[in-house]
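Letter by letter, the chains look like this.
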Amino acid sequence: MPLLELENVSVAYGRIEAVRNVSLTVEEGELVTLIGANGAGKTTTMRAISGVRPLAGGVVRFNGQDITKMKAHERVKAGVIQAPEGRGVFPGMTVEENLEMGAFARTFATKAERESTLERVFTLFPRLAERRKQLGGTMSGGEQQMVAIGRALMARPVLLLLDEPSMGLAPMMIQQIFTTISQINKEGTTVLLVEQNARQALSRSDRAYVLETGEVTRAGGGRELLNDPAVIEAYLGVA
Ligand code: ATP
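As recorded in an unreviewed UniProt entry, the chain goes by the name Amino acid/amide ABC transporter ATP-binding protein 2 (HAAT family), listed as coming from Flavimobilis soli.

Written out as structure tokens, the structure reads:
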């Protein structure tokens, strides 16, 4: 049984069907990526999973349970955690306070659990440990991305949803974010990633799906798609 399963999911904005009959699975422990051009429906698919956008059709299952009608906050409680879009760091709070906000998303966390999770985040992102008293709003773009991912981790995700974590970052920082995402996954968190940076994402993914104008047009192993001529031409540029 997959951890996450989308079966013929469609999502519409008014008359525009942004996602059409998308079926995909994420197995426990996997790192799966959605790639696709601007407007292909990647973010909309994430919204269908996190529950912030209702479906026009289809079913979403998590852990074998139909969650299609479940509210977004209930999905959070079940462990479906999305790092905030556009980073969403609270500018007037310190890095540490920002991270602690993430722990409130799930009520089961005891003080000891919270502290050990915070230490884990600081181990993954040493920069955040150094800057724990700095205000979120004064952190650089890449550092704010780390805060956003760290905050999501504080909720102890069963499934971590990341929407373009490399967006707007300098090449060095992109490398670092991808390395950390791989590490988070290797330590046991299942990850569904949306990325424009297809080469990096595919090389680190167990599997991936290609979305084109709202539909899945290709699926396969990360490395398999990395060597697929159609994917190379459309998303990887000249190799
Ligand atoms: P990008 O890589 O540019 O973020 P994406 O693959 O994430 O793109 P979506 O943001 O899911 O694509 O958008 C899919 C389609 O739905 C686009 O045509 C977009 O214009 C449209 N869309 C997205 N959000 C809304 C909205 N709130 N209202 C109307 N149309 C929307």
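With respect to the site of the ligand
Near the ligand there are 13 residues, and of these Gly39, Lys42, Thr43, Thr44 and Gln196 occur at the shortest range. Between Lys42 and the ligand, the recorded distance is 2.8 Å, taken from a side-chain N or O atom to an oxygen atom. Within the contact set of the ligand, an oxygen atom lies 2.8 Å away from a side-chain nitrogen or oxygen of Thr43. Its free accessible area being 630 Å², the ligand has 60% of it covered by the protein chains. The biggest single contributor to the shell around the ligand is helix α1 (residues 42-50), with four residues. Along the lines of polarity and charge, the residues of the shell around the ligand split into four nonpolar, six polar and three charged.

Focus: the packing of helix α3 (residues 95-103) against helix α6 (residues 141-154)
Where α3 meets α6, the axes come as close as 6 Å, and the angle between the chain directions of the two elements is 35 degrees. The hand of the α3/α6 crossing is right-handed. Here α3 contributes Val95, Asn98, Leu99, Met101, Gly102 and Ala103 to the contact with α6, which in turn contributes Val147, Gly150, Arg151 and Met154.

Some thoughts on the nonpolar core
Membership of the largest hydrophobic core comes to 33 residues, with the highest contact counts inside it found for Leu99, Leu128, Leu162 and Leu193. Counting residues per element, the ones that place at least two in this core are α3, α4 (111-124), α6, β7 (159-163), α7 (171-186) and β8 (190-195). Viewed by domain, this core spans two of them, domain 1 (1-79 + 158-168 + 191-238) and domain 2 (86-156), each represented by three or more residues. If we ignore the near neighbours within four places in the chain, the residues touching Leu99 are Leu118, Val121, Phe122, Leu128, Val147, Gly150, Arg151 and Met154. By size, the runner-up hydrophobic cluster in this structure holds 26 residues, among which are Leu4, Val9, Val19 and Val26.

Observations regarding the side chain of Glu96
Looking at where Glu96 falls in the secondary structure, it is placed in helix α3. Within the structure, the side chain of Glu96 is placed 3.3 Å from the side chain of Lys133, a separation counted as a polar contact. In contact with Glu96, not counting residues within four places along its chain, are Leu118, Arg132 and Lys133.

Here is what the cut-offs are and how they apply
Residue positions within a chain follow its written sequence, with the count starting from 1. Predicted model: local features are reported for residues with pLDDT of at least 70 only, side-chain atom pairs are reported and counted for 80 or more only, and whole-chain, interface and lining totals are derived from all residues. Heavy atoms from the whole structure form the basis of all side-chain values; hydrogens and water molecules are not counted. In this text, near means that some heavy atom of the residue lies within 4 Å of the molecule or strand in question. Identification of polar contacts relies on pairs of N or O atoms within 3.5 Å, with a donor-acceptor requirement for protein atoms, meaning one able to donate a hydrogen and the other able to accept it, and with residues adjacent in sequence counted only if both atoms are side-chain atoms. Residue burial considers only the protein chains on display, and all accessible areas are found by Shrake-Rupley using a 1.4 Å probe. Secondary structure elements are taken from DSSP: a helix is a run of H or I of four residues or more, a strand is a run of E of two residues or more, and numbering for both begins at the N terminus. Three categories are distinguished: nonpolar for Ala, Val, Leu, Ile, Met, Phe, Trp, Tyr, Cys and Pro, charged for Asp, Glu, Lys and Arg, and polar for the others, with Gly belonging to the last. Here an axis means a line fitted to C-alpha atoms, over the contact stretch when the element is a helix, while the angle between two N-to-C directions is reported on a 0 to 180 degree scale. Two helices crossing with the near one rotated counterclockwise from the far one by less than a right angle form a left-handed crossing, whereas a clockwise rotation gives a right-handed crossing. Whether two residues touch is decided by their heavy atoms; if any such pair falls within 4.5 Å, the residues are in contact. To define a nonpolar core, start from buried Ala, Val, Leu, Ile, Met, Phe, Trp, Tyr and Cys residues and group those joined through side-chain atoms within 4.5 Å. Think of it in three bands: residues with accessible area under 20% of the maximum for their type are buried, residues over 50% are exposed, and the middle band is partly exposed, with areas taken using a 1.4 Å probe on protein chains only. Residue ranges for the domains originate in an automatic or database domain assignment.

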